[in-house]
Amino acid sequence: MSDALQLPVVDLSSPDCLSTANSIRQACIDYGFFYLVNHGVDEELVKKVFEQSGKFFSLPVEDKMKLVRRNHRGYTTLNTIKLDSTSSSTKGDTREGFYIGPPADDLNQWPLEEDLPSWRSTVETYYRKVESVGTKLLSLIALSLKLDEDFFEKIGALNEPLSIIGLLHYPGDHLDSSGEEIYGASAHSDYGMITLLATDGVPGLQICREKSEQPQVWEDVPSLSGAFIVNIGDMMERWTNCMFRSVLHRVLPPEQERYSVAFFANPGKDCVIECLESCCSESCPPRFPPIKYLEYMEERLRLAYGV
Ligand SMILES: O=C(O)CCC(=O)C(=O)O
Ligand SMILES: [Fe+2]
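This text gives an overview of the structure that appears in the document.

Basis of the calculations
Residues numbered from 1 in each chain as written. Chains lettered and ligands numbered in written order. Predicted model: local features only at pLDDT ≥ 70, side-chain atom pairs only at ≥ 80, totals over all residues. Core = buried A, V, L, I, M, F, W, Y, C linked by C-beta atoms within 7 Å. Buried ≥ 20, exposed ≤ 12 C-beta atoms within 10 Å, placed from the backbone. Helix = DSSP H or I, 4+ residues; strand = E, 2+ residues; numbered from the N terminus. Contact = placed C-beta atoms within 7 Å. Pairing = 2+ DSSP bridges. Near = placed C-beta within 6 Å. Axes fitted to C-alpha atoms, helices over the stretch in contact; angles between N-to-C directions. Parallel < 35°, antiparallel > 145°, perpendicular 65-115°, else oblique. Left-handed = near helix turned anticlockwise from the far one by under 90°.

As a further point, take the nonpolar core. F33, F34, L196 and V230 are the most contacted members of the largest nonpolar core, which totals 73 residues. The element that contributes the greatest number of residues to this core is helix α4 (residues 119-144), accounting for 10 residues. With near-sequence residues (within four places) excluded, F34 lies in contact with L7, P8, V9, V10, A27 and V230.

Attention shifts here to the pairing of strand β12 (residues 258-265). Counting buried residues along β12, 8 of its 8 residues qualify, which places the element largely inside the surrounding structure. Along β12, one buried face is formed by R258, S260, A262 and F264 and the opposite face, lined by Y259, V261, F263 and A265, is buried too. Two elements, strand β5 (residues 164-170) and β12, share 7 bridges in a ladder whose sense is antiparallel. Across the sheet, L167 pairs through a bridge with V261, a residue of β12. Bridge analysis of strand β7 (residues 194-199) against β12 gives 6 bridges, and the strand direction is antiparallel. Residue pairing in the sheet places L196 in a bridge with F263 of β12.

Next up on the list: the site of ligand 1. With respect to spatial proximity, the complete set of residues near ligand 1 consists of G166, L168, A185, D190, L197, T199, L205, H249, V251, S260 and A262. For the shell around ligand 1, the secondary-structure elements that each account for two or more residues are β5, β7, β11 (248-251) and β12.

Relative to β11, strand β8 (residues 205-208) runs antiparallel, the two being bridged by 4 bridges. Note that in β11 the partner of C208 across the bridge is L248. Where β8 lies against strand β9 (residues 219-220), 2 bridges are found, and the strand directions are antiparallel. Residue pairing across strands places Q206 opposite D220, the latter belonging to β9.

Next up on the list: the packing of helix α2 (residues 43-57) against α4. Put simply, α2 and α4 touch, their axes get as near as 10 Å, and they point 135° apart. Considered as vectors, α2 and α4 are oriented oblique to each other. For α2 against α4, the interelement crossing comes out left-handed. Of the residues in α4, those in contact with L45, K48, V49, Q52 and F56 of α2 are W119, T122, V123, T125, Y126 and K129.

At the junction of Q214 and P215, the peptide bond is cis and its omega measures out at -10° in the coordinates. Turning to its location among the elements, P215 is positioned in the loop between β8 and β9. The backbone of N241 sits at a positive phi, close to 55°, despite the residue not being glycine. Within the secondary structure, N241 is located in the loop between α6 (234-239) and β11. For N241, a count of 19 C-beta atoms within 10 Å corresponds to the partly exposed category. Phi at C242 is positive, roughly 75°, even though this residue is not glycine. On the secondary structure map, C242 appears in the loop between α6 and β11.

Purely geometric numbers; function is a separate question.
What follows is the structure, given as structure tokens:
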């Protein structure tokens with residue numbers, strides 16, 4: 001039931017911004033997913049983040065639990081989050097995670113420097129680098145929607161953005177004898193504007209392009225060395241009245257251990273997301289009412305954590 005997919009490739013270093021914007025537009029309409037190459041984040045830095053992530057998840061569970069998730073930051077254990085809140089499975093997803101928000105706020109939790117030297121500085125450097133790639137990509141997305149390139153800045157979406165890094169670990173040795181359908185990450189769409197994902201190359205990620213089609217067709221998204229896998233999130237889907245699609249995706253329980261690092265580029269908490277004028281008309285009215293990002297995010301997190 002699954003075929004490998006050839007997603008479009010977008011080159012961030014191309015000097016021809018309009019042609020790049022056009023290929024982004026087509027990719028977002030057709031797939032909601034694309035590969036981003038020549039993004040400017042050093043391969044060495046990406047490697048270091050994966051190393052630091054591996055070091056954290058290798059700590060004894062008692063040590064990881066000292067940083068258990070508070071204010072949506074820190075460690076989540078295996079099976080605590082179920083991204084598909086509609087699933088009847090009684091168990092959460094078989095992955096553990098560590099979530100880090102903006103370096104400038106004081107909600108983040110960090111391992112002690114003496115336990116994991118350079119952990120915090122590596123992750124903060126990665127945050128800032130990928131955040132700036134995300135900002136550049138958002139200006140191209142604005143161009144692709146025939147808006148000014150600083151459109152998202154002007155509407156306040158980049159005002160204290162609530163972007164989050166998720167360091168993710170799928171152990172791969174997690175056997176389930178109950179026969180229940182369990183995923184590394186169950187089917188979901190991402191909440192924010194765009195997500196920039198780096199993986200260690202171990203397969204598992206799949207997308208479902210037509211969620212209402214039955215049976216659902218899931219297609220494998222292979223990793224592309226050195227590229228980020230970028231996907232459109234729910235806020236971009238709402239701005240564009242579903243022209244750009246926030247596509248359902250999931251991670252199969254990997255047979256082999258798997259690590260990934262997701263950068264969720266989210267708007268600021270007070271940003272109100274409402275349909276762009278150019279994306280609606282009398283015959284095509286807005287499909288969603290305006291919503292404040294914080295309200296949307298809190299509801300989705302509440303459902304995912306089942307609280
Ligand atoms: O680990 C992955 O490849 C994808 C993770 C994901 O989709 C998410 O955390 O939202
Ligand atoms: Fe996701």
